[in-house]
Amino acid sequence: MDIIEKNKTRMAHLSENSAELSKQIEALDWNELKSALNECIFQKEETNLPAEYCPASYFPLTPESTEQKTLYDKAFKHGEVLIRSGKTAAFTVAGGQGTRLGYDGPKGTLPVSPIKKKTLFQLFAEQILGMSKQYEVTIPWYIMCSPLNLEATTIHFEENNYYGLGKENLNFFAQGVMPATDFDGNLLLASQDNLALSPNGHGGSLKALIDSGSITDMAQRGVEHVSYFQVDNPLVSIINPLFIGLHDLQTSDMSSRSLTKTGPFEKLGNFVSTGDRISIIEYSDLPEKKALEKEEDGRIKYRAGSPAIHILRRDFIEQFASGEIKLPYHRAEKKVAHLNKNGDLVTPEKPNAVKFETFVFDALPLAKNPLILEADRLEEFSPVKNKTGIDSLESSRSDQSKRARRWLKKAGYSVNEESIVEISPSTFPSAHDLQGADLQQYDLDSKIIYLGDEIRADE
Ligand code: UTP
């Protein structure tokens, strides 16, 4: 008996006395499970690498020639026109389980700013509000949650009066889930009434945008470009005119920001070129020899790493509607608590199960005319992933404060290196907005400096 039939028979038996389990079995997409099992367990590829590849070229942070300078100026202006005419939307993927951080609640509700302890969601909301004001336009915001955190997320926004953005401009929806199996492909039960289910990876966002009606909503609003970012990076530049402008001028289906890696083995996906397409090779898959290759000037060749910031053309996402174009499944070996044959709950100490996830960056090789624009790590990237150390709440708060001090200095003010500084993204969405601003009302000699007009009545 093949594994799908075997699972069906076993589940039919186990769900005889459980209406809830029957419902979950009925909702299972068996074809999808079959593909996942084939891709990740039965016909597992030896390598995840493209047949041939070389380092991907990218647009540098600052233009390196007069032609490039002219292009950047044109792209910036073009991006501004697109923003002002309502062609861009913000899109956050917030369906992850945040196991490394171990925070009790949706990660977006984590108090993350250095002084006011604003949540990640509030910082994004304020940035969107700031840009909306600047460009006199409504920028809709789509937030993908998982079935596990959708309710808590929507309640959080409701309690915070949608952070001033207007309920009608926010769109919350849940991504799909996939069942976990053991290493032989047998479905696992989390309890007598529940399959062991987990979110199907950030790649699930493309289909979820379609299934939730968000893509239709975007089309009705005239949105053409979707600015994709992860929930954990408070420094992300959500609506970036240069990035949007370059992406549209080059008629790119999907564009990405890159960071210059701190070293050959930094844990970031590597952008590579495969002819006229771009792919990302995960850090764990890039051969050591390749990772160490250097240019004549000493820089590492594979230096463009991915902070997972993209812009996708709405009509590119629509191509995923029919299910003919699909993202591949990746195998993640995890510890999954489950019922054993006797019906007892087992909490394993080592990975015992396979979870099936798709990754959004696997859409890149399908995208026509892709481009990469370098980002400044100090300005745009400081995610909260871990409890302590690198990419933790502490490191991110410190980076936020450092960036705020830099912005003030750039605007011509002297600030004590010891001062903790926070700048409201709704008042000053970018460094540029501080230039020439009247800051007389603020005590810039203080040890704690907060710059911003409040948007919430209770603050
Ligand atoms: P991560 O890879 O950091 O995973 O997700 P995570 O689940 O948040 O955290 P860990 O690995 O358990 O510690 C990167 C981004 O993708 C989103 C996350 O919310 C985060 O914004 N994501 C991840 C989803 O939206 N859905 C998923 O199924 C997985």
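In what follows, the accompanying structure is described. What you see is a predicted model; the values in this text were computed from it and never measured. (Residues numbered from 1 in each chain as written. Predicted model: local features only at pLDDT ≥ 70, side-chain atom pairs only at ≥ 80, totals over all residues. Heavy atoms only, no water.)

### Some remarks on unusual backbone geometry
With a phi close to 45°, Thr251 is a non-glycine residue in the positive phi region. Summarising the element assignment, Thr251 is placed in the loop between α9 (241–249) and β10 (254–260). Despite not being glycine, Ala308 shows a phi value in the positive range, around 65°. Tracing the chain through its elements places Ala308 in the loop between β13 (304–306) and β14 (310–313). (Helix = DSSP H or I, 4+ residues; strand = E, 2+ residues; numbered from the N terminus.)

### Re the pattern of salt bridges
The final tally for this structure, using the stated rule, is 20 salt bridges. Across the pair Arg221 and Asp217 runs a salt bridge, and its minimum N-O distance is 3.0 Å. On the criterion of helical spacing, the pair formed by Arg221 and Asp217 is a turn pair, its members being four residues apart in helix α8 (residues 214–221). Here Asp232 ties to Lys385 by a salt bridge, and the two come within 2.8 Å at their closest N and O atoms. You can see Asp232 sitting in the loop between β9 (225–230) and α9 and its partner Lys385 sitting in the loop between α12 (377–380) and α13 (393–410), a full 153 residues away along the chain. Each of Lys107, Asp232 and Lys385 takes part in a single network of salt bridges with overlapping partners. (Salt bridge = Lys/Arg side-chain N within 4 Å of Asp/Glu carboxyl O.)

### Description of helix α7 (residues 204–211)
Of all eight residues in α7, six are buried; the element is thus mostly enclosed. Positive backbone phi, at 85°, marks Gly213, one or two positions downstream of α7. (Buried < 20%, exposed > 50% of the residue type's maximum accessible area, 1.4 Å probe, protein only.)

### Comments concerning the pairing of β9
Where burial is concerned, most of β9 is hidden: six out of the six residues are buried. Residues His225, Ser227 and Phe229 of β9 are buried on one face, and the alternating residues Val226, Tyr228 and Gln230, pointing to the opposite face, are buried as well. Sheet topology note: the strand β2 (residues 88–93)/β9 ladder contains six bridges and is parallel. In the sheet register, Ala90 faces β9, and the bridge partner there is Ser227. Relative to β14, β9 runs antiparallel, the two sharing four bridges. Paired with Val226 across the two strands is Leu312, which belongs to β14. (Pairing = 2+ DSSP bridges.)

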